[in-house]
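In case you want the letters, here they are:
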Amino acid sequence: MEKGPPLTTMATASNSSAFSFISKGWREVRDSADADLQLMKDRANSFKNLAASFDREIENLIQSAAPTFSVPAIRQSSEIDFMKKLQPKITEFRRVYSAPEISRKVMEKWGPRAKLGIDLSRIRSAIVAELDETEEEDMYGIMEFNKFRKGRRLRFTEEGQFGDWEPIRNSEFVEKVKSSLKAICKEPQESKEVPPLDVPELLAYLVRQSEPFLDQLGVRRDICDKIVESLCSKRKNQFVMPSLAEGEPLSVDSDKINDELDLRIASVLQSTGHCYEGGFWTDFTKHDVSDGKRHVAIVTTASLPWMTGTAVNPLFRAAYLAKSAKQKVTLLVPWLCRSDQELVYPNRLTFSSPEEQENYIRNWLEERTGFKADFKISFYPGKFSKERRSIIPAGDTSQFIPSKDADICILEEPEHLNWYHHGKRWTDKFNQVVGIVHTNYLEYIKREKNGALQAFLVKHINNWVTRAYCHKVLRLSAATQDLPKSVVCNVHGVNPKFLKIGEKVAGERELGQQAFSKGAYFLGKMVWAKGYRELIDLLAKHKNDLHGFKLDVYGNGEDAHEVQSTAKRLNLNLNFLKGRDHADDSLHGYKVFINPSVSDVLCTATAEALAMGKFVVCADHPSNEFFRSFPNCLTYKTSEDFVAKVKEALAKEPQPLTPEHIYNLSWEAATQRFVEYSELDRVLNNEHNPAKVRPNGKLVAKSLSMPNLSEMVDGGLAFAHYCLMGNEVLRLCTGAIPGTRDYDKQHCKDLHLLPPQVENPIYGW
């Protein structure tokens, strides 16, 4: 039998084969590492060259000559400024990532001194095992190594000291590149750093929010606007928020300046994390609508059968608001005791119960509108003042609107309703309070004894109460007092019955029939302030110029005897007749309606005469501004012009009304104007607290981010008024009717009310 090789020889051959495998594997690892290191060096150099090239391109762009094509100055300046701002970013980027520290960190990771942990357990087992098994296992290991190397992901383990290593994904170099690119691309307006307010901005905001206090001191609103504009203009372009386009000129529009100032302050407060949650006067426990449908409460100072504007117009407003069926409507009117009814209502007409008067009101309304209006009529206690010739509320009027229906409130004559108001603040109980000014009280007061002093006091009291109790005020014409939070808009229409009369007259004229068989007339309550003084003065001055001119006068009133005596003494050709409804058949034949009054705010009789197709001769006065667009309205500026307009109207025929003119006189158009100008459409659509929008599309919720000094002042004014009107002596000194702080026993009996409770010192607050 042949002998095999000695055992020692076989062992020596096996060891040589193993160490040869190890040497070969180590060389492959070293070659692969060198190749990866060289690749990273090439990429680093390429990146540095790219950064340097980009930097040179930017420098060339900035230093280049002006472009050959036309570029707007603002746009060119903004682009150059952008590049100048971008240059330091690129320079810093190149400096940081060209620094030696980056290369050193990479070399430390890949250099010869880097420590590698290698698992030798597989080689040790190969020496002990059979050669063929060792070779098979080594081949498997080489395949696994190549697999990991191709994926550029290695795992060296030695007692768990090293984990997964990803040469590019987790490197500090890439993280810095990402952060720098984000910083470069970040737009300036997205910066969270908001510059603090400076002194002019603070003063401008203080002046604007102090308008209610300054107004009480006699400083007009336009003066405050000029002060704010002056303070803001000192900032020039710096005043405009960073969100506005750079180079945009500062607008001189006061509304835009106010919006920019609001946004500026809101952004500063938001950057600090401040959120205003209301102050001492703010009440956030209100404004819950029980059934999900909006409620509108209309509160007025008079009621039918008293044929006055504050009785008729709110009634039509309630009917046409309820006609849309989008909201529930309640009309709150005063209830007078029988003794006061005899003084106020015509022909000594009286009612024994509120239900009886409500039936009268609804029948009168349905006869004139032609439809049955679905709204509620409620009553509050009132007393008639002979000196003021008006009805004064007794007690807290707001308590007669249930809290579940306290949503939107319309105060017809807000100054009148709140002169002696002693109860809960309207703006605390209701979501939105809109006041409508009907009467020019200052004009009436100036005609009385010590009228100038009284008018001065009443003017500031009106400012006080309307600011304290209203969110918005609508003035029917510019003839009224300029009240806080007010805009001018005619929100009244005419009785549909007058439009039908006008259509009838137009039809008769088309058939060739004579529509007007009478001359001129005047109709109005017979008191001097309702135009009778101006009428008698004009006719007395131009008696010869208007020789043969006869005027019929319809009206009743406290000054009837004095007016008739004066006309008789001056031998004026005036025919006085009892007052009657303007829609009466006896008035249809008149062609010319004369109204010289300058004390009216918006004369309802003038609108009715135009609706019936008549000529109207009236003064060139702010109260008649709405009627100037009608071709049949003839306005005069002087007494001589008055004579010329009267003769012109008597000699010509009125023009037929166009469909546009008819619509503008209707209550449908008046209701639409009211909803628009009172911002009631926004409230009804639940668009509360609209946010201010920046030009970049972001929203800034002004009311949630900053306190409103104006609201704080309004709350203080309301609280002061409440305290003063709680004192019976002060009430009597200012002209209140005795006993109107609370309703009396007769009111309790008529309206089925509980006796007033002993007053809580902080009632309503």
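Treat the numbers as computed from the prediction; the structure is a model and nothing was measured.

Draft legend 1. Layout of the confidence of the model for the protein. Looking at the protein as a whole, the pLDDT averages 76, with 66% of positions reaching at least 70. Within the model, pLDDT remains below 50 along residues 110–120, and this stretch shows 16 contacts once partners closer than five positions in the same chain are excluded.

Draft legend 2. Quick look at the nonpolar core. Counting 106 residues, the largest nonpolar core has Phe375, Leu539, Leu551, Ile594, Phe642 and Phe674 as its most contacted members. With nine residues, the top contributor of residues to this core is helix H11 (residues 309–323). Excluding its chain neighbours within four sequence positions, the residues that come into contact with Ile594 are Ala520, Tyr521, Phe522, Leu535, Phe549, Leu551, Val617, Phe642 and Val646. In terms of nonpolar packing, the next biggest core, distinct from the first, is built from 25 residues, Ala297, Trp426, Val465 and Val473 among them.

Draft legend 3. Highlighting the packing of aromatic side chains. The full count for this structure, using the stated rule, is 19 aromatic pairs. A ring pair is formed by Tyr521 and Tyr590, whose centres lie 4.7 Å apart and whose planes are at 40 degrees; its orientation type is tilted. Taken together, the positions of Tyr521 in strand E9 (residues 518–523) and Tyr590 in strand E12 (residues 590–595) put the pair 69 residues apart, joining distant regions of the chain. What makes Tyr590 buried here is its relative accessible area of 3%. Measuring from centroid to centroid gives 6.1 Å for Phe626 and Phe630, while their planes differ by 55 degrees, and the two rings are tilted. Aromatic rings pair up to connect Tyr521, Phe522, Tyr532, Tyr554, Tyr590 and Phe593 into one cluster. Over the ring of Phe371 we find Lys323, and its NZ or CZ is 4.6 Å from the ring centre. It is Arg362 that lies over the ring of Phe375; its NZ or CZ is 5.1 Å from the centre.

Draft legend 4. Fine view of the sheet that holds strand E7 (residues 472–475). Spatially, eight strands are ordered E4-E3-E2-E1-E5-E6-E7-E8 in an open sheet, and the strand pairing comes out mixed. Pairing within the sheet leaves two strands with one partner each, and these edge strands are strand E4 (390–393) and strand E8 (486–488). Each adjacent strand pair in this sheet contributes to an overall mean axis angle of 30 degrees, direction not counted.

Draft legend 5. Inspection of the sheet that holds strand E11 (residues 574–577) at higher detail. The sheet built from six strands is open, its strands ordered E11-E10-E9-E12-E13-E14 with parallel pairing. Here the strands that pair on one side only, and so sit at the sheet edges, are E11 and strand E14 (633–636). Each strand axis lies, on average, 25 degrees off the axis of its neighbour in the sheet, ignoring direction. Sheet analysis places strand E13 (residues 615–619) next to E14, joined by four bridges and oriented parallel. From the neighbouring strand, Cys618 faces E14, where its bridge partner is Thr635. Helix H22 (residues 639–651) rests against E9, E12, E13 and E14 of the sheet, and its axis sits at about 160 degrees to E14.

Draft legend 6. Examining the side chain of Asp559 more closely. Its location among the elements puts Asp559 in the loop between strand E10 (551–554) and helix H20 (560–569). With relative accessibility at 13%, the residue Asp559 sits in the buried group. Among the polar contacts listed, one links the side chain of Asp559 to the backbone nitrogen of Trp528, at a separation of 3.0 Å. If near-sequence neighbours (up to four positions away) are discounted, Asp559 is found in contact with Arg389, Met526, Val527 and Trp528.

Draft legend 7. Up close: the pattern of salt bridges. For the structure on display, the rule yields 22 salt bridges. One salt bridge in this structure joins Arg467 and Asp714, with 3.5 Å as the shortest N-O distance. Within this pair, whereas Arg467 is found in helix H17 (residues 451–469), its partner Asp714 is found in helix H27 (residues 709–725), the two being separated by 247 residues in sequence. For Arg467, a relative accessible area of 7% puts it in the buried group. Classification of Asp714 as buried rests on a relative accessible area of 4%. We note a salt bridge from Asp482 to Arg475, for which the minimum N-O separation is 3.3 Å. By relative accessible area, Arg475 is classed as buried at 7%.

Draft legend 8. Expanded view of H11. Between its first and last C-alpha, H11 extends 21 Å over 15 residues, near the 21 Å set by a 1.5 Å rise per residue. Within H11, 13 of the 15 residues are buried, which leaves the element mostly enclosed by the surrounding structure. Looking one or two places after H11, you find Ala325, whose phi comes out positive at around 60 degrees.

Draft legend 9. Seen up close, a nonpolar patch on the surface. On the surface, a cluster of nonpolar side chains totalling about 380 Å² of accessible area is made up of Leu453, Phe456, Leu457 and Ile461. Tracing the sequence through the fold places Phe456 in helix H17. Overall, the relative accessible area of 48% leaves Phe456 in the partly exposed class.

Draft legend 10. Summary view of the pairing of strand E2 (residues 328–335). In terms of burial, E2 is largely enclosed, as seven of its eight residues are buried. Inspection of the sheet shows strand E1 (residues 295–299) paired to E2 by five bridges, in the parallel sense. From the neighbouring strand, Ile298 faces E2, where its bridge partner is Leu331. Traced from E1 through H11 to E2, the parallel crossover comes out right-handed. For E2 and strand E3 (residues 376–385), the ladder comprises six bridges, and the chain directions are parallel. What sits directly across from Trp335, in E3, is Pro381.

Draft legend 11. Looking closely at the packing of helix H19 (residues 532–541) against H22. Relative to each other, H19 and H22 sit at 85 degrees, their axes nearing to 10 Å. One way to sum up the angle between H19 and H22 is to call them roughly perpendicular. Taken together, the residues of H22 that come into contact with H19 (itself represented by Leu538, Leu539 and Lys541) are Ser639, Glu640 and Phe642. Looking at the contact of H19 with H22, its residues break down into three nonpolar, one polar and two charged.

Draft legend 12. Representation of helix H21 (residues 604–611) in the model. Of all eight residues in H21, seven are buried, a share of seventy percent or more. Those residues of H21 that sit buried are Ala605, Thr606, Ala607, Glu608, Ala609, Leu610 and Ala611. Packed against the buried residues of H21 are helix H18 (496–510), E9, E12, E13, E14 and helix H23 (659–665). Gly613 lies just past H21 and shows a positive phi near 85 degrees.

How each quantity is defined
Residues numbered from 1 in each chain as written. Predicted model: local features only at pLDDT ≥ 70, side-chain atom pairs only at ≥ 80, totals over all residues. Heavy atoms only, no water. pLDDT = per-residue confidence, 0-100. Contact = heavy atoms within 4.5 Å. Core = buried A, V, L, I, M, F, W, Y, C linked by side-chain atoms within 4.5 Å. Buried < 20%, exposed > 50% of the residue type's maximum accessible area, 1.4 Å probe, protein only. Helix = DSSP H or I, 4+ residues; strand = E, 2+ residues; numbered from the N terminus. Phe/Tyr/Trp six-rings, centres within 6.5 Å; stacked < 30°, edge-to-face > 60°. Lys NZ or Arg CZ within 6 Å of the ring centre and 35° of its normal. Pairing = 2+ DSSP bridges. Axes fitted to C-alpha atoms, helices over the stretch in contact; angles between N-to-C directions. Polar contact = N/O pair within 3.5 Å; in protein donor to acceptor, adjacent residues only side chain to side chain. Salt bridge = Lys/Arg side-chain N within 4 Å of Asp/Glu carboxyl O. Expected span 1.5 Å × (residues − 1). Patch = residues over 30% accessible without salt bridge, like charges linked within 9 Å, V, L, I, M, F, W, Y side chains within 5 Å. Areas by Shrake-Rupley, 256 points an atom, 1.4 Å probe, with all protein chains shown as cover. Right-handed = clockwise from strand over helix to strand, strands pointing away. Parallel < 35°, antiparallel > 145°, perpendicular 65-115°, else oblique. Nonpolar A, V, L, I, M, F, W, Y, C, P; charged D, E, K, R; others polar.

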